[in-house]
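Chains, contacts and geometry: an overview
These are the residues of each chain, in order.
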Amino acid sequence: MSSVKKKIMKYVGKVVNFVTTTTSQGTSSGELGKSFVPDERIVELCREVGAEGIVMLKNDNGVLPLTSDRIVSVFGRVQNDYFCVGYGSGGDVKAPYKVNLMQGIRNNGKIKYNELLAAAYENWGKLNPVDDGFWGNWPMCYDEMPVDLSMARTAASMSDTAIVVIGRSAGEDRENKLEKGSYYLTDTEKQVLDSVTTAFDRVIVLLNCGGIMDMAEIESYGDKISAILYVWQTGMESGNAIADVLSGDSFPSGKLTDTIAKSYEDYPGSADFGNRKFNCYTEDIYVGYRGFETFAKDKVLYPFGFGLGYTQFAIENVKCSCENDEITVSADVKNIGKYAGKEVLQLYYEAPCGRMGKPARVLADFAKTKKLLPNESETLSLKLNASDMASYEDEEIFAYLLEKGVYKIYLGTDVRSAELCCTYEQGKTDVIKRLSQTAAVSPESAFKRLKYVDGKKIYDTVPAAKYSLKEIILSNLPKDIPQTGDIGYKLADVKSGKVTMEQFVAQLDNTELEAISRGDYVMNSPLGAAGNAGTFGGVLESMRKKGIPAVTTTDGPSGIRINEGASLLPVATALACSWNTELVENLYEQVGMEMKRVGSHILLAPGMNIHRNPLCGRNFEYFSEDPLLTGHMAAAIVRGVQKAGVSACPKHFACNNQETNRTHNDSRVSERALREIYLKGFEICVKTANPQNIMTSYNKINGVWGHYHYELCTRILRGEWGYKGNIMTDWWMRSSASPEFPEIKDQAYRVRAGVNVLMPGGGRTGRRKPDGTLLKTLGMPEGITLGELQQNAMHVLNFVMNSEAMK
């Protein structure tokens, strides 16, 4: 044995006796899902989307893709102990397998690697197994194998390129922290980078994360690091997708959906995050790139929308037109490099500052090319209606205003490089849509918010509510329908047009009206497939006799959480970084087919909350700091799932932007920021994809819990956006009396707010009995009315009647 091999063998230990427990395909999940065999098409799409969502930030001297003459040494224990998904209900899928990085490299067959170093990591991992923790206390990273300079140099003598993979995870009830091993590198990780960058001339860093982490420390290595890629958490096909990109079988075409700042403190909302009682959204509309591009350009390491490929593109023949206030910008995208690739065109606008203050850039539209071979081109067309550039005035007029002035339109491949391509001149200020003050902060909770006017930051007090919610509710109560008792109508009779829904609901007695407003009390209901999140609809025998089936819900969005097992999908951040709504829709159509196979009628997905802060634990479940991209990605998922005949359920409505004390925390936000940032994605999704269900959030929004929020659920969602579907709570809820009607509490408060179903239906104790609060005030002055109960039932039954469960 050579002296070089002897040096590295000490890290392998008794490698000749080491028996690997992995398969060529991937590691077994070790759970019930191991017997589940996914359809070939969903496997292909998981791999394709996983590769397309990878974002390459740097590729000096064309170190990637790896050529056939190169040998790589892979450093970092997550090459084996890979983070395929984030934590909590959104990622707890019983996957049939999970391909880690080293398995993907082996499966690929084109990448030559340092086998002795790989064996050393396998053996070290076996001797130092990970502790997966427990709910809310999962590891954010794993203890890393130390690599000193001697070991790195030994590896370098056996290979010419190093890959260092760094892993992070967070999740539900598990916030990222401003600590080493979470947002920052650990000392051991820095030691590994120090050793490897000293020993190797070519170093590639892969970031296996659900969201962005601090990049300043990695950037400090300068040209010692040749390439940096966010490979995210891309589900069961993670390793295969990454190996496809590294080998050149595929190519990176992902773009950042969040700005990467120089430091955490540079993020506009960093000072108002993580507080237990409440957070004031002082940055207002200046979230992410809206703030950076307006007043902090110098604080950005990588701008929103940025991402490299293996080839280069020319944007040519840019044309602009405007007809009936619709602006169309088209351009030819030509591949002028030597590799195949895809490019994303991004359209932004800059509105005149006016008296309200405006961001310097707002994403208006985007489009992605097909795969373009060298010298191939494609013409893309992007559109923007002038009314889409209106801003919400929340001080006096309570309307969307298109203010007088010149609107500048920019086209490019990221927010920073986008160039002026045309202008739109608005001759006078127009009211685009007049609304009413809604969901505003209370006078006692008013705070100072940021405005940027005439090149200056100013802070003024957020407008407080000036209306009587009680009067609004009382003036809009539905009329009672006289109860008839059971006269033999079935729900199928409504679907066939034989009777009206009102005639059917008139048969329901008060016990049934209570039951239709909640689930079957518990998760894993006996009325649904094993491992379900809960069921609702026909939860009583008398209701099932009327033809009302029980509807089964399952957690998402990274797959179907059910005992039989299901495909583990790329996380939402990775999906969004693909900027490819067609591909995402195709993937989730296959998910819809898989739902029918395992007995799920509703997937509790997509997650739609804004990446307000990089520390949010559930950012992996959400898409972006931008509401337009969020809305269109969510709409793609909804269309895909519902194309298969089952239902999606966008969540969490609204402002669930942190996990810290999430069931009590109050998100205090101006009505303008609420409408332009935190509700806009939901609005786009509702209006373009028609989700059949929506889930409220745990947190308070301006003092009111999401599951009691009449203004969000009834006034905005149903009243303004025309939503016709079912609204459910997140699982369980907080007990509270209505401020407007003190005798009404809990379930009556919820139903009056317009939230139709309590899920899973009871408390956490599993007690199978109503809590009595829904019917307690029925018939009392200002108590819950029969009409409200019946209207609530109709919302639920309209969904159930058209659901897969009816078949």
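Use the structure listed above.
Focus on the environment of Gln-590
For Gln-590, the location among the structural elements is in helix H16 (residues 581-598). Sequence separation between Gln-590 and Lys-34 is 556 residues; the distance between their C-alpha atoms is 19 Å. Contact partners of Gln-590, with chain neighbours within four places excluded, come to Asp-39, Arg-41, Ile-42 and Leu-45.

Some points on the sheet that holds strand E11 (residues 326-335)
The sheet built from three strands is open, its strands ordered E10-E11-E14 with antiparallel pairing. If you trace the sheet from one side to the other, it starts and ends with strand E10 (313-323) and strand E14 (377-385), each paired once. Looking at each pair of strands side by side, their axes are set apart by 20° on average, direction ignored. In terms of strand pairing, E11 meets E14 through nine bridges, oriented antiparallel. Among the inter-strand pairings, Val-333 is bridged to a residue of E14, identified as Glu-378.

Describing the nonpolar core
Of all hydrophobic cores here, the largest spans 173 residues; its most connected members are Phe-75 and Tyr-230. With nine residues, helix H17 (residues 627-643) is the largest single contributor of residues to this core. For Tyr-230, the contacting residues outside a window of four places in its chain are Ile-54, Val-55, Leu-57, Leu-207, Cys-209, Gly-211, Ile-212, Met-213, Met-215 and Ile-260. The next biggest cluster of nonpolar side chains, apart from the first, holds 53 residues, and it includes Leu-508, Met-543, Trp-731 and Ile-744.

Topic: the environment of Ile-473
Residue placement: Ile-473 occurs in helix H10 (residues 469-474). Sequence spacing of Ile-473 and Asp-298 is 175 residues, and the spatial spacing of their C-alpha atoms is 48 Å. If we skip the residues at most four places from it in the chain, Ile-473 touches Tyr-710, Phe-741 and Arg-752.

Topic: the pairing of strand E12 (residues 344-350)
A large share of E12 lies buried, amounting to six of its seven residues. Of the pairings in the sheet, the one linking E12 to strand E13 (residues 362-368) comprises six bridges and is antiparallel in character. Paired with Leu-345 across the two strands is Ala-367, which belongs to E13. With five bridges joining them, E12 and strand E17 (residues 405-412) adopt antiparallel strand pairing. Residue Tyr-348 lies in a different strand from E17, and its bridge partner there is Tyr-410.

Some words on the packing of aromatic side chains
Across all of its chains, the model carries 25 aromatic pairs by this definition. Taken together, the ring pairs connect Tyr-183, Tyr-184, Tyr-264, Tyr-267 and Phe-292 into an aromatic cluster.

A look at the sheet that holds strand E16 (residues 399-402)
Pairing is antiparallel across the open sheet formed by three strands, whose spatial order is E15-E16-E19. The outermost strands of the open sheet, each flanked by one partner alone, are strand E15 (391-393) and strand E19 (430-434). The mean inter-strand angle of the sheet, taken between neighbouring strand axes irrespective of direction, is 40°. Across the sheet, helix H18 (residues 671-678) lies against E15 and E16, angled at about 160° from E15, the strand it touches most.

Here we look at the pattern of salt bridges
A side chain with one charge can pair with a side chain of the opposite charge if their charged atoms come near. Per the stated rule, a full pass over the model turns up 52 salt bridges. A salt bridge links Glu-189 to Arg-168; its shortest N-O distance comes to 2.7 Å. With Glu-189 in helix H6 (residues 187-199) and Arg-168 in the loop between strand E4 (161-167) and H6, the pair connects residues that are 21 residues apart, well separated along the chain. Here Glu-189 falls in the buried class, since its relative accessible area comes to 5%. In this structure Arg-168 comes out as buried when scored by relative accessible area, which is 4%. A salt bridge links Asp-486 to Lys-546, with the shortest nitrogen-to-oxygen separation between them at 3.9 Å. With Asp-486 in the loop between H10 and helix H11 (491-496) and Lys-546 in the loop between helix H14 (541-545) and strand E23 (550-555), this pair connects stretches of sequence that are 60 residues apart. When salt bridges with common partners are traced through the structure, they connect Glu-172, Asp-173, Arg-618, Glu-621, Lys-651, Glu-659 and Arg-662 into a single cluster.

Regarding unusual backbone geometry
The residue after Ala-605, namely Pro-606, is reached through a cis peptide bond having omega 5°. Position of Pro-606 relative to the elements: it lies in the loop between strand E24 (602-604) and H17. Cis geometry marks the peptide bond from Lys-651 to His-652; its omega dihedral reads -5°. Considering the arrangement of structural elements, one finds His-652 in the loop between strand E25 (647-648) and strand E26 (666-668). Phi angles above zero are rare outside glycine, and Tyr-521 is one such case at about 75°. Along the chain, Tyr-521 turns up in the loop between helix H13 (510-515) and strand E22 (534-537). Here Trp-579, not a glycine, exhibits a phi torsion of approximately 50°, which is positive. With a relative accessible area of 1%, Trp-579 lands in the buried category.

Quick word on the side chain of Ser-89
Note that Ser-89 resides in the loop between strand E2 (71-75) and helix H3 (101-108). With relative accessibility at 9%, the residue Ser-89 sits in the buried group. A distance of 2.7 Å separates a polar atom in the side chain of Ser-89 from a polar atom in the side chain of Glu-172. With sequence-adjacent residues up to four places away left out, Ser-89 is seen in contact with Trp-135, Glu-172, Asp-555, Gly-556, Arg-561 and Arg-618.

What counts and what doesn't
- Residues numbered from 1 in each chain as written.
- Predicted model: local features only at pLDDT ≥ 70, side-chain atom pairs only at ≥ 80, totals over all residues.
- Heavy atoms only, no water.
- Helix = DSSP H or I, 4+ residues; strand = E, 2+ residues; numbered from the N terminus.
- Contact = heavy atoms within 4.5 Å.
- Pairing = 2+ DSSP bridges.
- Axes fitted to C-alpha atoms, helices over the stretch in contact; angles between N-to-C directions.
- Core = buried A, V, L, I, M, F, W, Y, C linked by side-chain atoms within 4.5 Å.
- Buried < 20%, exposed > 50% of the residue type's maximum accessible area, 1.4 Å probe, protein only.
- Phe/Tyr/Trp six-rings, centres within 6.5 Å; stacked < 30°, edge-to-face > 60°.
- Salt bridge = Lys/Arg side-chain N within 4 Å of Asp/Glu carboxyl O.
- Polar contact = N/O pair within 3.5 Å; in protein donor to acceptor, adjacent residues only side chain to side chain.

In short, the description is geometric, and any link to function would need to be established separately.
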